[in-house]
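Structure at a glance
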Amino acid sequence: MPLFAADYELEATRMSPRLCILLCCGAAVMALSMGLRQSLGLFLAPVSIDLGLGRGTFALGLGLMNLVWGFSAPFAGLLADRHGPGKVAALGGLLYAAGLLCLTASGSGEQLLLGGVLIGLGLGGAGFTVVLGAAGRAAPEDKRSLALGIVSVGGSLGQFLALPYAHGLLGGLGWQLSLLVLATTAALIVPLAAGLAGSRGAQNAESEQTAAEALGEARRSRSFILLTAGFFVCGFHLAFVAVHLPAYLQDLGQAPWVATAALTLVGLSNIVGTYGCGLLGMHYSKKNLLSLLYLARALIFLVFLLLPVTPVSVLVFGAVIGLLWLGTVPLTSALVAQFFGTRYLSMLFGFVFLGHQLGGFSG
């Protein structure tokens, strides 16, 4: 029996070996899917220049990737709920690798667009909705928020590591061979997906509800609408900062390294913040934490805009906003499970995530 406060904390966070394997594999899948996606922007200039297509075509391919990702997420989630997340994540990994191979062989704008569509489908199958659904179902209710936080940290870590990985490949191999290596890396999702197998909707009275009935219940719920609206704002924030912060700082006369360093700090702080939000969700009201997170974001943006822009203020902004970057993910997905159960968690979170992607497109 635990004797000290630290022992109680350790007991509260202890998980079964089977759940630990699922979380490790899920975090690795998230690191690959989210990280590789984050690095694709590095290829915009070299691919566009080499193929003589202009930047618009490659950018449109990435835009299609995000939209297809968002719209495919609920359907991939429904397949995972019915047939298991392992199979869906493995298929997602194959589509992801195929999309990168398509970019590798690009000789025309059509291939770039097709590559974006395939990568978007891959992200739908091996991204947030399927992997978090698997973790949310497998974890006991009192540890669910922490489990979702651990898996989300994998995505955060992948986003942080992918940029130097892709940058090093691009500098040494050129864009075509680099994309080939990235396609091979994406294929690692397929064997890792085996660790997600067996996590399917609970076989109890809750499972008698059909997918259509579950979606109808969610659509009539004020909580579901508010979660989706909040995730729209989350997607808007993330895309707006990632895309426009460098140009905004350049317009204000800041050196290029300032934006790069700030976005790097966002990635570092994000790892701590995502895990921390998952841990706090075990002990405090998730909806209250989510409300405070969005309020804190608003205050941080306001202070940043009111203060003089200097390298120090930009770096502090990056570090602080990074703590709140993806902390919404474990809290939001845990609330979906709390309100509607885990039987159709992947599908319902997929619809909430569609709101996130539409917000990102707007941002």
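Here is a short report on the structure shown in this document. (Residues numbered from 1 in each chain as written. Predicted model: local features only at pLDDT ≥ 70, side-chain atom pairs only at ≥ 80, totals over all residues. Heavy atoms only, no water.)

**Some words on the overall build of the protein**
- If you tally the helices and strands in the protein, you get 16 helices and zero strands.
- Computed over its C-alpha atoms, the radius of gyration of the protein comes to 20 Å, within 12% of the 21 Å expected for a compact globule of 363 residues.
- Overall size of the protein, expressed as C-alpha extent along the three principal axes, is 60 × 45 × 40 Å.
- Residues classed as buried in the protein amount to 52% of the 363 residues present.
- Accessible area for the protein stands at about 15800 Å²; split by element, carbon and sulfur atoms hold 70% of it.
- Charged side chains of the protein number 17 positive and 13 negative; the gap between the two group centres comes to 3 Å. (Helix = DSSP H or I, 4+ residues; strand = E, 2+ residues; numbered from the N terminus. Rg over C-alpha atoms; globule rule 2.2 N^0.38 Å. Buried < 20%, exposed > 50% of the residue type's maximum accessible area, 1.4 Å probe, protein only. Areas by Shrake-Rupley, 256 points an atom, 1.4 Å probe, with all protein chains shown as cover. Lys, Arg positive; Asp, Glu negative; His and termini not counted. Charge placed at Lys NZ, Arg CZ, Asp CG, Glu CD.)

**Quick look at the nonpolar core**
- In this structure, Leu 100 and Phe 128 are the most contacted members of the largest nonpolar core, which totals 93 residues.
- With eleven residues, helix 8 (residues 144–186) is the single largest residue contributor to this core.
- Setting aside anything within four residues of it in sequence, one finds Phe 128 in contact with Met 30, Met 34, Trp 69, Gly 133, Leu 326, Val 329, Phe 349 and Phe 353. (Core = buried A, V, L, I, M, F, W, Y, C linked by side-chain atoms within 4.5 Å. Contact = heavy atoms within 4.5 Å.)

**Observations concerning the packing of helix 7 (residues 128–138) against helix 8**
- Viewed as axis vectors pointing N to C, helix 7 and helix 8 meet at an angle of 150°, and their least axial separation amounts to 9 Å. Viewed along their axes, helix 7 and helix 8 adopt a mutual orientation that is roughly antiparallel. The handedness of the crossing between helix 7 and helix 8 is right-handed. Note on element contacts: helix 8 touches helix 7 through Arg 144, Leu 148, Val 151 and Ser 152, opposite Val 131, Leu 132, Ala 135 and Gly 136. (Axes fitted to C-alpha atoms, helices over the stretch in contact; angles between N-to-C directions. Parallel < 35°, antiparallel > 145°, perpendicular 65-115°, else oblique. Left-handed = near helix turned anticlockwise from the far one by under 90°.)

**Digging into the packing of helix 15 (residues 328–340) against helix 16 (residues 345–362)**
- Their axes nearest at 10 Å, the elements helix 15 and helix 16 cross at an angle of 125°. One element, helix 15, and the other, helix 16, form an angle in the oblique class. Along this stretch, helix 15 crosses helix 16, giving a crossing that reads as right-handed. Of the residues in helix 16, those in contact with Val 329, Thr 332, Ser 333, Val 336, Ala 337 and Phe 340 of helix 15 are Leu 345, Leu 348, Phe 349 and Val 352.
- Its residues assigned to classes, the contact of helix 15 with helix 16 comprises eight nonpolar, two polar and no charged. (Nonpolar A, V, L, I, M, F, W, Y, C, P; charged D, E, K, R; others polar.)

**Description of the environment of Gln 38**
- Counting through the fold element by element, Gln 38 comes out in helix 2 (residues 17–39).
- Residue classification places Gln 38 among the partly exposed positions, given a relative accessible area of 31%.
- Separated by 112 residues in sequence, Gln 38 and Ile 150 place their C-alpha atoms 19 Å apart.
- Setting aside residues no more than four positions away along its own chain, Gln 38 makes contact with Gln 159 and Leu 163.

**Some details on the pattern of salt bridges**
- According to the stated counting rule, one finds one salt bridge in the structure shown.
- As a salt-bridge pair, Asp 81 and Arg 137 come within 2.6 Å of each other at their nearest N and O atoms. Here Asp 81 is found in helix 4 (residues 55–83), whereas its partner Arg 137 is found in helix 7, with 56 residues between them in sequence. Each of the two residues, Asp 81 as well as Arg 137, counts as buried. (Salt bridge = Lys/Arg side-chain N within 4 Å of Asp/Glu carboxyl O.)

**Some words on a nonpolar patch on the surface**
- Where nonpolar side chains cluster on the molecular surface, the patch consists of Phe 71, Phe 232, Val 233, Phe 236, Phe 240 and Leu 358 and spans about 490 Å² of accessible area.
- In terms of residue count, the dominant contributor to the nonpolar patch is helix 11 (residues 222–251) (four residues).
- Relative to the assigned elements, Leu 358 resides in helix 16. (Patch = residues over 30% accessible without salt bridge, like charges linked within 9 Å, V, L, I, M, F, W, Y side chains within 5 Å.)

**With respect to the side chain of Thr 104**
- Summarising the element assignment, Thr 104 is placed in helix 5 (residues 85–104).
- Relative accessible area serves as the criterion here: at 14%, Thr 104 is assigned to the buried category.
- Here Leu 100 takes part through its backbone oxygen, which lies 2.9 Å from a polar atom of the side chain of Thr 104.
- Setting aside anything within four residues of it in sequence, one finds Thr 104 in contact with Trp 175, Gln 176, Leu 179 and Leu 180. (Polar contact = N/O pair within 3.5 Å; in protein donor to acceptor, adjacent residues only side chain to side chain.)

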